[in-house]
Amino acid sequence: MLTLIPIQHIMGTILILLYTITILGLVLVIIAENRNPLKTIPWVVVLLLAPGVGLVFYFFFGQDNRKQRVISRRTYKRIMKGAQEGKLPQDFCVVPETYKPLSRLLSNSNRSSLLYGTQITVYTNGTDKYKALLEEIEKARHHIHIQYYIFNDDTIGNQVKRLLIKKAKEGVEVRVLYDDVGCWNVKNRFFKEMKEAGIEVHAFLRVVFPILTSKVNYRNHRKIVVIDGKVGFMGGMNLADRYAQGTSWGTWRDTHFKFEGKGVHGLQSAFLIDWYVVSKNLLNDKIYYPPVPIYNDNIMQIATSGPVGQWRTLLQATIFMIANAKNYVYIQTPYFLPTEGLNQALQTAALGGVDVRLMLPKRSDTRTVNMASHSFIDEMVKAGVSVYFYKPGFLHAKLVVCDDELTSIGSANMDFRSFEHNFEINAFVYQREFALRMKEVFLNDMLHCEHLTPSRWLKRPHKQRLAESFMRLFSPLL
């Protein structure tokens with residue numbers, strides 16, 4: 001007698017087959033991408049042993065977007081054309097011999113040009129930075145381009161918003177770009193008010209349904225302001241009260257910079273590329289790159305990086321700086337979750353006799369990140385790296401300065417997220433005067449630090465070390 005197979009059983013078998021084919025297909029895709037085996041093997045193991053959880057995690061955090069482009073080569077060249085016009089010949093800018101390979105690296109991987117004669121003003125607290133920002137916005141006559149990872153609906157956020165609305169009503173072109181995840185807690189009406197006043201406002205990689213998109217893992221962490229193509233701001237500070245007022249448990253120590261001169265054109269091109277990505281509006285008129293004075297003998301290159309494109313420019317440049325240091329490397333970062341290459345570069349430099357100093361916050365705004373960071377310190381101190389914990393509050397500054405010649409400043413932290421997942425921007429400054437100035441900033445912050453004693457650190461409780469090692473497993477996701 002013929003037995004009918006229940007339709008539920010047939011459907012269940014089909015779903016299992018489809019699911020199995022999907023998992024095996026993903027495994028083959030991961031293997032075919034020729035990633036670092038240290039990254040490939042864990043993903044393959046997770047997908048095979050825990051396919052359900054593995055599939056979700058891979059969707060959010062595991063996809064390799066290196067071969068993708070967010071903008072065509074033709075459009076990129078058209079935007080960069082304005083930044084190139086009026087630029088001094090490359091042979092006019094004399095980069096220190098030691099750093100010519102770095103200059104070529106940034107040029108080849110990021111098309112980063114040498115920019116001559118920029119005046120840089122340093123701000124080491126939010127109060128001074130916001131005062132200068134508001135003053136420069138007030139002076140705007142043609143355009144204001146403003147981009148932040150966080151644009152809060154608080155006191156400083158509303159001050160900036162009101163002033164932008166005022167300038168828009170005066171006929172100034174105002175464009176605002178914010179990160180959708182960084183501003184998740186900001187109500188739509190905050191940005192809607194600016195739009196209604198004639199300001200062009202866009203969110204970067206908008207996440208409409210967070211649980212249904214992998215975009216949540218790739219954020220725009222850049223902080224860029226350009227005013228009339230003549231004055232610009234970049235660095236570590238977002239628009240939020242805590243950068244000036246601190247936290248309930250201490251100050252918020254950060255660093256930001258004002259550019260005047262050719263360096264502003266580097267910030268402008270970075271902003272306009274991001275602007276095209278979200279608005280599809282190509283802005284490359286000469287008005288956005290006006291003639292600017294030469295203020296001094298400062299030489300810089302502005303480089304961007306992100307989860308798309310072939311190269312991890314900022315990671316490669318940072319490793320180059322450390323690997324080629326002869327006397328010292330001083331580093332400030334709020335989060336220390338180094339890639340294997342960066343980890344080895346720091347240890348190698350210290351073992352080779354270079355004075356490597358690493359400054360981190362004593363207390364972080366993210367406990368899990370702090371725990372994971374501590375797991376990397378063991379290897380640092382064993383190699384001879386001097387570690388300092390900033391005590392008065394949270395250290396959010398990003399700085400690498402070496403040998404009184406080269407300085408890296410910008411938005412990138414010393415972690416997986418900044419170097420592999422986020423859209424970031426840094427300036428590499430080849431000037432002794434600026435390096436000495438930033439070295440002085442570092443040494444002044446050292447006065448407020450606790451110098452880690454290796455013997456005591458390595459004797460901390462096993463339970464604590466185990467917890468830190470466990471959190472280290474999630475370093476690429478933090």
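Calculation notes
- Residues numbered from 1 in each chain as written.
- Predicted model: local features only at pLDDT ≥ 70, side-chain atom pairs only at ≥ 80, totals over all residues.
- Heavy atoms only, no water.
- Helix = DSSP H or I, 4+ residues; strand = E, 2+ residues; numbered from the N terminus.
- Buried < 20%, exposed > 50% of the residue type's maximum accessible area, 1.4 Å probe, protein only.
- Contact = heavy atoms within 4.5 Å.
- Areas by Shrake-Rupley, 256 points an atom, 1.4 Å probe, with all protein chains shown as cover.
- Pairing = 2+ DSSP bridges.
- Axes fitted to C-alpha atoms, helices over the stretch in contact; angles between N-to-C directions.
- Arc of directions from axis to C-beta.
- 1 Å grid on protein atoms, 1.4 Å probe; cavity = no way out; pocket = protein on both sides within 12 Å on 5 of 7 lines; lining within 4 Å.
- Points joined across faces, edges and corners; volume = space filled by probe spheres on them.
- Nonpolar A, V, L, I, M, F, W, Y, C, P; charged D, E, K, R; others polar.
- Polar contact = N/O pair within 3.5 Å; in protein donor to acceptor, adjacent residues only side chain to side chain.
- Phe/Tyr/Trp six-rings, centres within 6.5 Å; stacked < 30°, edge-to-face > 60°.
- Core = buried A, V, L, I, M, F, W, Y, C linked by side-chain atoms within 4.5 Å.
- pLDDT = per-residue confidence, 0-100.

Here we look at the overall build of the protein chain
Argument step 1. Helix and strand content of the protein chain: 17 helices and 20 strands.
Argument step 2. Counting every position in the protein chain, which comprises 478 residues, the buried fraction comes to 56%.
Argument step 3. In the protein chain, the proportion of contacts linking residues at least 24 apart, taken out of those at least 6 apart, comes to 82%.
Argument step 4. Accessible surface, the protein chain as shown: approximately 21700 Å² in total, 58% of it carbon and sulfur.

Here's the deal with the sheet that holds strand β6 (residues 224-227)
Argument step 1. Spatial strand order, β2-β9-β7-β6-β3-β4-β5: seven strands in an open sheet with mixed pairing. One side of each edge strand has no neighbouring strand; the edge strands of this open sheet are β2 (119-123) and β5 (200-204). Across the sheet, the mean angle from the axis of one strand to that of its neighbour is 15°, orientation sign disregarded.
Argument step 2. The sheet contact formed by strand β3 (residues 143-148) and β6 spans four bridges and is antiparallel. The residue bridging His-145 from the neighbouring strand is Val-226, located in β6.
Argument step 3. The strands touched by helix α10 (residues 263-279) within the sheet are β3, β4 (173-179), β5, β6, β7 (231-235) and β9 (256-260), with β5 carrying the most contacts at an inclination of about 80°.

Observations concerning the environment of Asn-108
Argument step 1. Its location among the elements puts Asn-108 in helix α5 (residues 100-110).
Argument step 2. On the basis of relative accessibility, which here comes to 67%, the residue Asn-108 falls in the exposed class.
Argument step 3. In the structure, Asn-108 is positioned 203 residues away from Trp-311 in sequence and 10.0 Å away in space, judged by C-alpha atoms.

So, the environment of Ser-364
Argument step 1. Along the polypeptide, Ser-364 turns up in the loop between β13 (355-361) and α13 (367-383).
Argument step 2. When the C-alpha positions of Ser-364 and His-396 are compared, they lie 9.1 Å apart, and in sequence the two are 32 residues distant.
Argument step 3. Not counting residues up to four positions away in its chain, the partners in contact with Ser-364 are Trp-249, Tyr-335, Asn-370 and Phe-394.

Regarding α5
Argument step 1. If you check which residues of α5 are buried, you get Leu-102, Ser-103, Leu-106, Ser-109 and Asn-110. Viewed along the axis of α5, the buried residues span an arc of 150°, placing them on a single side of the element.

Focus: empty space enclosed by the protein
Argument step 1. On inspection of all chains with the given rule, the structure shows two cavities of 30 Å³ or more.
Argument step 2. The computed volume of the largest cavity comes to approximately 100 Å³.
Argument step 3. Taken together, 14 residues make up the lining of the largest cavity; nearest its centre are Leu-399, Val-400, Ala-412, Met-414 and Asn-426.
Argument step 4. Of all the secondary structure elements, the ones that give two or more residues to the lining of the largest cavity are β16 (399-402) and β17 (406-410).
Argument step 5. With three residues, the top contributor of residues to the lining of the largest cavity is β17.
Argument step 6. The residue inventory of the lining of the largest cavity, partitioned by class, reads six nonpolar, seven polar and one charged.
Argument step 7. By volume, the second largest cavity is sized at about 40 Å³.

Examining the side chain of Ser-408
Argument step 1. For Ser-408, the position within the fold is in strand β17.
Argument step 2. Here Ser-408 falls in the buried class, since its relative accessible area comes to 4%.
Argument step 3. At 3.1 Å, the side chain of Ser-408 forms a polar contact with the side chain of Asn-426.
Argument step 4. Residues contacting Ser-408, with those up to four places away along its chain left out, are Met-321, Lys-398, Leu-399, Val-400, Asn-426, Ala-427 and Phe-428.

Focus: the pairing of β6
Argument step 1. Going residue by residue along β6, you find Ile-224 and Val-226 tucked away on one face and Val-225 and Ile-227 tucked away on the opposite face as well.
Argument step 2. Pairing of β6 with β7, which is carried by four bridges, proceeds in the antiparallel orientation. Bridge pairing in β7 places Ile-224 opposite Met-234.

Digging into the packing of aromatic side chains
Argument step 1. One pass over the structure, following the stated rule, counts 16 aromatic pairs.
Argument step 2. For the ring pair Tyr-178 and Phe-191, a centre distance of 3.8 Å and an interplane angle of 5° mean the geometry is stacked. One end of the pair, Tyr-178, is in strand β4; the other, Phe-191, is in helix α8 (residues 188-196), with 13 residues separating them in the sequence.
Argument step 3. Looking at Tyr-178, the relative accessible area reads 5%, which means it is buried.
Argument step 4. Here Phe-336 and Phe-376 contribute two aromatic rings whose centre-to-centre distance is 6.3 Å and whose plane-to-plane angle is 80°, an arrangement assigned as edge-to-face. Note that Phe-336 is positioned in strand β12 (residues 336-337) and Phe-376 in helix α13, a separation of 40 residues in sequence.
Argument step 5. We classify Phe-336 as buried; its relative accessible area is 1%.
Argument step 6. By relative accessible area, which is 4% here, Phe-376 ends up buried.

Details of the nonpolar core
Argument step 1. Counting 90 residues, the largest nonpolar core has Leu-102, Phe-151, Val-160, Leu-164, Met-194, Phe-428 and Tyr-430 as the members making the most contacts within it.
Argument step 2. Leaving out residues up to four positions away in the same chain, Phe-428 has contacts with Leu-102, Leu-106, Ile-299, Met-300, Gln-301, Ala-303, Leu-314, Ala-317, Met-321, Leu-406, Thr-407 and Ser-408.
Argument step 3. Within the second largest apolar cluster, 43 residues are counted, among which are Ile-302, Met-438, Val-441 and Phe-442.

Describing the confidence of the model for the protein chain
Argument step 1. For the protein chain, per-residue confidence averages 85 on the pLDDT scale, and residues scoring 70 or more make up 77% of the total.
Argument step 2. Low pLDDT (under 50) marks residues 209-215, which in the prediction has 13 contacts with non-local residues, meaning those over four places away or in another chain.

Regarding the sheet that holds strand β20 (residues 449-451)
Argument step 1. In space, the nine strands of this open sheet follow the order β1-β10-β19-β17-β16-β11-β13-β14-β20, with mixed pairing throughout. Pairing within the sheet leaves two strands with one partner each, and these edge strands are β1 (115-116) and β20.
Argument step 2. In this sheet, β16 lies alongside strand β11 (residues 328-332) in antiparallel orientation, the contact comprising four bridges. Each residue of the ladder has a partner; that of Tyr-330, found in β16, is Val-401.
Argument step 3. Most of the contacts of α13 go to strand β14 (residues 386-390), to which it runs at about 150°, and overall it touches β13 and β14.

What about unusual backbone geometry?
Argument step 1. Positive phi, close to 55°, is recorded for Asp-403, a residue that is not glycine.
Argument step 2. Note that Asp-403 resides in the loop between β16 and β17.
Argument step 3. Its identity as a non-glycine residue notwithstanding, Asp-404 has a phi of 60°, on the positive side.
Argument step 4. The class of Asp-404 is buried, set by a relative accessible area of 14%.

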